[in-house]
Amino acid sequence: MQFPSPLVPARLISRYKRFLFDAELEDGTFITGSCPNTGSMLGLTTPGSRIWLSEHEGAKRKYRHVFELIEADDTTVGVNTAMPNRIAAEAIALGQVSDLGEYTMVKREQNYGRNSRIDLLLTDPLRTTTYVEVKNVHFMRQPGLAEFPDTATARGAKHLEELGDMAEAGYRAVMLFVIQRNDCHRFRICGDLDPVYAKAYHRALARGVEVYALKCRVSPTEIAPAGLIPIDEPGIAALEQFKISIEG
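Owing to the predicted nature of the structure, the values given are computational and were not obtained by experimental measurement. (Residues numbered from 1 in each chain as written. Predicted model: local features only at pLDDT ≥ 70, side-chain atom pairs only at ≥ 80, totals over all residues. Heavy atoms only, no water.)

(A) Expanded view of the overall build of the protein chain. A count of helical and extended segments in the protein chain gives 4 helices and 15 strands. Against the compact-globule benchmark of 18 Å for 248 residues, the protein chain has a radius of gyration of 19 Å, which places it among compact chains. With the principal axes as the frame, the protein chain shows a C-alpha extent of 65 × 40 × 30 Å. Sorting the 248 residues of the protein chain into buried and exposed places 50% on the buried side. Sequence-distant contacts, at least 24 apart, represent 64% of the contacts inside the protein chain between residues at least 6 apart. When the accessible area of the protein chain is evaluated, it comes to approximately 11900 Å², of which 51% is carbon and sulfur surface. (Helix = DSSP H or I, 4+ residues; strand = E, 2+ residues; numbered from the N terminus. Rg over C-alpha atoms; globule rule 2.2 N^0.38 Å. Buried < 20%, exposed > 50% of the residue type's maximum accessible area, 1.4 Å probe, protein only. Contact = heavy atoms within 4.5 Å. Areas by Shrake-Rupley, 256 points an atom, 1.4 Å probe, with all protein chains shown as cover.)

(B) Seen up close, the environment of L53. As for its position among the elements, L53 is in strand β4 (residues 50-55). Accessibility expressed as a relative area gives 0% for L53, which makes it buried. Along the primary structure L53 and E233 are separated by 180 residues, whereas in three dimensions their C-alpha atoms are 36 Å apart.

(C) Quick look at the sheet that holds strand β11 (residues 145-148). Reading across from one edge, β10-β11-β13 is the order of the 3 strands in this open sheet, with mixed pairing throughout. In the strand order of this sheet, the two ends are held by β10 (139-142) and β13 (186-189), each with one partner. With direction set aside, neighbouring strand axes in the sheet form an average angle of 40°. Sheet topology places β11 next to β13; 4 bridges connect them, and they run parallel. Bridging from a neighbouring strand, F148 pairs with I189 of β13. (Pairing = 2+ DSSP bridges. Axes fitted to C-alpha atoms, helices over the stretch in contact; angles between N-to-C directions.)

(D) Local environment of the packing of helix α2 (residues 154-168) against helix α3 (residues 195-206). Across the interface, α2 lies against α3 with an axial gap of 9 Å and an inter-helix angle of 10°. Viewed along their axes, α2 and α3 adopt a mutual orientation that is roughly parallel. In this structure, α2 uses G156, A157, L160 and E161 to contact α3, whose residues at the interface are Y197, A200, Y201, R203 and A204. Residues belonging to the contact of α2 with α3 are distributed by class as follows: 6 nonpolar, 1 polar and 2 charged. (Parallel < 35°, antiparallel > 145°, perpendicular 65-115°, else oblique. Nonpolar A, V, L, I, M, F, W, Y, C, P; charged D, E, K, R; others polar.)

(E) Region of interest: the environment of R141. Following the sequence through the fold, R141 ends up in strand β10. Of the residues examined, R141 reaches a relative accessible area of 40% and is grouped as partly exposed. Sequence separation of R141 and G43 is 98 residues, and the distance between their C-alpha atoms is 8.7 Å. For R141, the residues in contact, after removing those within four places along its chain, are E147, R188, C190, D192 and L193.

(F) Broad picture of the pattern of salt bridges. Summed over all chains, the structure comprises 22 salt bridges. R64 is paired through a salt bridge with E55; the nearest N and O atoms lie 3.0 Å apart. The network of salt bridges with common partners includes R114, E161, D165, E168, R203 and R207. (Salt bridge = Lys/Arg side-chain N within 4 Å of Asp/Glu carboxyl O.)

(G) Representation of the nonpolar core. Core analysis: the biggest nonpolar cluster contains 31 residues, and L163, M175, F177, I179, F187, Y197 and Y201 have the highest contact counts within it. If you list the elements that add at least two residues to this core, you get β8 (116-124), β9 (127-137), β11, α2, β12 (172-179), β13, α3 and β14 (210-218). In terms of residue count, α3 provides more of this core than any other element does, 6 residues in total. In this view, Y197 contacts F148, P149, T153, G156, A157, L160, M175, F177 and I189; residues no more than four positions away in its chain are not counted. Formed by 25 residues, the second largest nonpolar core is a distinct cluster that contains M83, I87, L120 and V132. (Core = buried A, V, L, I, M, F, W, Y, C linked by side-chain atoms within 4.5 Å.)

Below you can see the structure in the form of structure tokens.
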């Protein structure tokens, strides 16, 4: 997915109030812009970091600039959480995620579950309807290892439970983690920061939910899907214990 217009380089001053940031443009102008990321952005808010911004015109827009990318850990990282759904759809169309590219119709943001919306709904006359939940990933503590989540997410655990419901109802259910950084070749669930999510993840696997992790090529010109990477699976004993608990 290419950015529609060149991004504007800047230096981060501060990211605050969850949706806002301050930065200094290359010409010395100080601006406040929109940060489309409600997460903690752990490790990605260091003042002075080089960042890239998209520009948007319009009389109704309060902020002209949107925070898109940041340099961290000697790589470029995407922070806009509106991007993963588009990247996921592109990866599926390119045949990068299992056999999901063989479905003939893809619908976005469809109502399902308990007052939720599935990111991608795949249908085909010859295949089982598939529900695809997409999660943004940009957290890394160990070189090459992407992790999710970077903070507790009750909403994320709820999504896993609802995907499990779909799997048990006879549908196909997929969790797709989209990693918006160049330097990761493995992925795992971050159980120490959110043990509740880790438990929900194990339960979802035991109920038949498929899980994939998609790496990306990230640059100031594009964020492109670059294929699946291995997932560090939970121990067999842990999975068996979850199977026993839900079957018993």
